[in-house]
Amino acid sequence: MALLRRKQRDDQPIASIELPECTPICDTEPRQWVRVSGKVVRMTARPTSGQPALAISLSDETGIVTAVWTGRREIGGVTLGRKIAIEGVAVKHGDHLEFTNPGYTLLPK
Amino acid sequence: MNVIIAGAGSVGRYMAGQLQDSGHSVTLIDNDPKVVAQGQATRTPVGVTWCLGDACEVATLKSVGTAQADVVAAVTGDDEDNLVVSLLSKQEFAVPRVLARVNNPKNEWMFNDMWGVDVSVSTPHLLTGLVEEAVTVGSFVRLLSLEGGKARLAEVTLAEGSPAIAKELTDLGLPRESTVVAVLRDGHVVVPRGDTVLHQGDEVLVLVSGGVEDDVRRALVG
């Protein structure tokens, strides 16, 4: 049954796949599970304690958040200008929110 | 503060008791039914909330309110478990402060922000530091690393001939990335001010960040 559903999804044109519901970035609260989406506007390698880490800034029309994935230098498909959704719990760093190892979904270009 | 402690061995129970006494709200998690039952039956430490469960499971952490916790301390006798608890606390619950106990000093390199650890405490390293401190006068002893080694608490006992003796703190020329946090003299703690004058035999505690340790050593040891 799951396979059948997957099959149906594959048959649909990409644009009609339902996108997950996202919270506007300005309404994101620290320490609450949220999903936000936006464009990748900055990518930086941020080695911590000698280990690689990838930090990106994600922006929608309402604000900007940072996401850090530890232990990796790049993630396939996550490129500058790409639209992605991330989900997880953010922590407040100064005046902006930062996610550590959030789940991510690549959105259609 | 709302504190969650993973691991109710002697370390965890002692911490829980101390923190509860100073007015914090403490939850102890352990996966040994005997330990939890005994703790609940004897009500020791007093006032602590007990939870029987595996702290390495998100569901357990969620059930004890980790999402609202101010501090999580992973102090089990197992380094792997401590790392998993730390990572989950940081990644899934964005806990502002995560402390972890290092059991085997060989594992200490992993206890950093990669694994969600803000502060790691390694008893063997601490003990080595203290032993060094006891046997060495006039040299620079590192006591504690903070923020994964970015800042260190170090101690120097001023020996005869130290360039710092009879000088005011402001005249020591310490780099900006360091500061004297306490001076121990004849069993008293002197709170350092700019005009505090150092004597021979003073134990000077210095907080050093960045790579200025050599400059601090030069100013205090010579």
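These figures come from a predicted structure and were not determined experimentally.

What counts and what doesn't
Each chain has its residues counted from 1, running along the sequence as written. By the order in which they are written, chains take letters starting at A while ligands take numbers starting at 1. With the structure being a predicted model, the display of local features is reserved for residues of pLDDT at least 70 and the display and counting of side-chain atom pairs for 80 or more, all residues being used for whole-chain, interface and lining totals. The basis for every side-chain value is the complete set of non-hydrogen atoms in the structure, without hydrogens or water. Two residues form a contact once any of their heavy atoms are found within 4.5 Å. Here the quantity called buried area is the total loss of accessible area, with a 1.4 Å probe, experienced by two parts when brought into contact, counted for both. The salt bridge criterion pairs a side-chain nitrogen of Lys or Arg with a carboxyl oxygen of Asp or Glu, the two atoms within 4 Å. Contacts described as polar in this section are N or O atom pairs within 3.5 Å, which, within protein, must combine one atom able to donate a hydrogen with one able to accept it, while residues neighboring in sequence count only if both atoms come from side chains. Strands here mean DSSP runs of E at least two residues long; helices mean DSSP runs of H or I at least four residues long; both are numbered from the N terminus. Polar here means any residue outside two lists: the nonpolar Ala, Val, Leu, Ile, Met, Phe, Trp, Tyr, Cys and Pro, and the charged Asp, Glu, Lys and Arg; Gly therefore counts as polar. Pairing of aromatic rings covers Phe, Tyr and Trp, the last through its six-membered ring, and needs centres within 6.5 Å; plane angles under 30 degrees mean stacked, over 60 mean edge-to-face, and all others mean tilted. Only protein chains enter the accessibility calculation, which uses a 1.4 Å probe. A residue is then buried if its area is under 20% of the maximum for its type, exposed if over 50%, and partly exposed in between. Each pair of strands is called paired provided DSSP finds at least two bridges between the two strands. Orientation is described by axes fitted as lines to C-alpha atoms, over the contacting stretch for helices, and by angles from 0 to 180 degrees between their N-to-C directions. Definition used in this section: a nonpolar core is a set of buried Ala, Val, Leu, Ile, Met, Phe, Trp, Tyr and Cys residues joined via side-chain atoms within 4.5 Å. pLDDT expresses how confident the predictor is about each individual residue, on a scale running from 0 to 100. Note that domain bounds follow an automatic or database assignment of domains.

## Here we look at the interface of chain A and chain B
Of the residues lining the interface, 12 residues belong to chain A; the matching set on chain B comes to 15 residues. Summing both partners gives a buried area of about 1,000 Å² for chain A against chain B, and 50% of it is carried by carbon and sulfur. Joining chain A to chain B, the criterion identifies 0 salt bridges. In this structure, the connection of chain A to chain B is made through 6 residue pairs in polar contact (both at pLDDT 80 or more). Tallying contributions element by element places strand 4 (residues 83-93) of chain A first for the side of chain A that touches chain B, with 3 residues. Classifying every residue of the side of chain A that touches chain B gives 4 nonpolar, 7 polar and 1 charged.

## Thoughts on the packing of aromatic side chains
Residues and elements named next belong to chain A. By the definition in use, this model includes 1 aromatic pair over all chains. With a centroid separation of 5.7 Å and 75 degrees between ring planes, the pair formed by Trp69 and Tyr104 is classed as edge-to-face. Of this pair, Trp69 sits in strand 3 (residues 63-70) while Tyr104 is found in strand 6 (residues 103-106), placing the two residues 35 residues apart along the sequence. In this structure Trp69 comes out as buried when scored by relative accessible area, which is 4%. Tyr104 gets classed as partly exposed once you look at its relative accessible area, which sits at 34%.

## Some remarks on unusual backbone geometry
Most peptide bonds are trans, and most residues other than glycine sit at a negative phi. Of note, the amide linkage connecting Thr44 of chain B to Pro45 of chain B takes the cis form, showing an omega dihedral of -10 degrees. With respect to the helices and strands, Pro45 of chain B occurs in the loop between helix 2 (33-42) and strand 3 (49-52). Although it is not a glycine, Arg31 of chain A sits at a positive phi angle of roughly 60 degrees. Its location among the elements puts Arg31 of chain A in the loop between helix 1 (2-11) and strand 1 (33-45). One non-glycine residue, Ala94 of chain B, lies in positive phi territory at about 50 degrees. Among the secondary structure elements, Ala94 of chain B is positioned in the loop between helix 4 (79-93) and strand 5 (97-102).

## Thoughts on the side chain of Asp118 of chain B
Residues and elements named next belong to chain B. By the secondary structure assignment, Asp118 is in the loop between strand 5 and strand 6 (119-122). Asp118 gets classed as buried once you look at its relative accessible area, which sits at 15%. Side-chain polar atoms of Asp118 contact the side chain of Lys90, separated by 2.8 Å.

## Points about the sheet that holds strand 7 (residues 140-146) of chain B
Residues and elements named next belong to chain B. The strand order 7-8-11-9-10 describes an open sheet built from 5 strands, whose pairing is antiparallel. Single-partner strands in this sheet number two, and they are strand 7 and strand 10 (188-190). Sheet twist, expressed as the average angle between the axes of neighbouring strands with direction ignored, equals 25 degrees. Together, strand 7, strand 8 (151-157), strand 9 (178-185) and strand 11 (203-209) form the strand contacts of helix 6 (residues 213-220), whose direction differs from that of strand 11 by roughly 160 degrees.

## Remarks on the nonpolar core
Here is a general trend for soluble globular proteins: nonpolar side chains tend to be buried in one another's company. Membership of the largest hydrophobic core comes to 20 residues, with the highest contact counts inside it found for Ile4, Ile29, Val72, Val85 and Phe111 of chain B. Breaking this core down by element, the ones donating at least two residues are strand 1 (2-6), strand 4 (71-74), helix 4 and strand 5 of chain B. Sort the elements by how many residues they give to this core and helix 4 of chain B lands first, with 4 residues. Aside from chain neighbours lying at most four places away, what touches Val72 of chain B is Ile4, Thr66, Val85, Ser89, Val95, Arg97, Val98 and Leu99 of chain B. Within the second largest apolar cluster, 17 residues are counted, among which are Val40, Val65, Ala67 and Val78 of chain A.

## Digging into the confidence of the model for chain B
Summing up the model confidence of chain B, the mean pLDDT is 89 and the portion of residues at 70 or higher is 97%. For this predicted complex, the interface confidence comes out at an ipTM of 0.72, alongside a pTM of 0.70.

## Topic: the environment of Ser120 of chain B
Residues and elements named next belong to chain B. As for its position among the elements, Ser120 is in strand 6. Accessibility expressed as a relative area gives 14% for Ser120, which makes it buried. In this structure the C-alpha to C-alpha distance between Ser120 and Ala73, which are 47 residues apart in sequence, comes to 9.6 Å. In this structure Ser120 touches Ala100, Val102, Glu108, Phe111 and Ser145, once residues within four positions along its chain are discounted.

## What to know about the domain arrangement of chain B
Segmenting chain B into domains produces domain 1 (2-121) and domain 2 (136-220). Between domain 1 of chain B and domain 2 of chain B, the C-alpha centre-to-centre distance is 33 Å.

## A closer look at the pattern of salt bridges
Residues and elements named next belong to chain B. Applying the stated criterion to the full structure yields 9 salt bridges over all chains. For the salt bridge of Asp202 with Arg185, the shortest nitrogen-to-oxygen distance reads 2.7 Å. Here Arg185 lies in strand 9 and Asp202 lies in the loop between strand 10 and strand 11, a separation of 17 residues in the sequence. For the pair Asp202 and Arg185, one class covers both residues: buried. A salt bridge links Asp214 to Arg217; the nearest nitrogen and oxygen atoms lie 3.0 Å apart. One end of the pair is Asp214 and the other is Arg217, both in helix 6 and 3 residues apart, which spans about a single turn. A single network of salt bridges, built from pairs that share partners, joins Arg142, Arg152, Glu213, Asp214 and Arg217.

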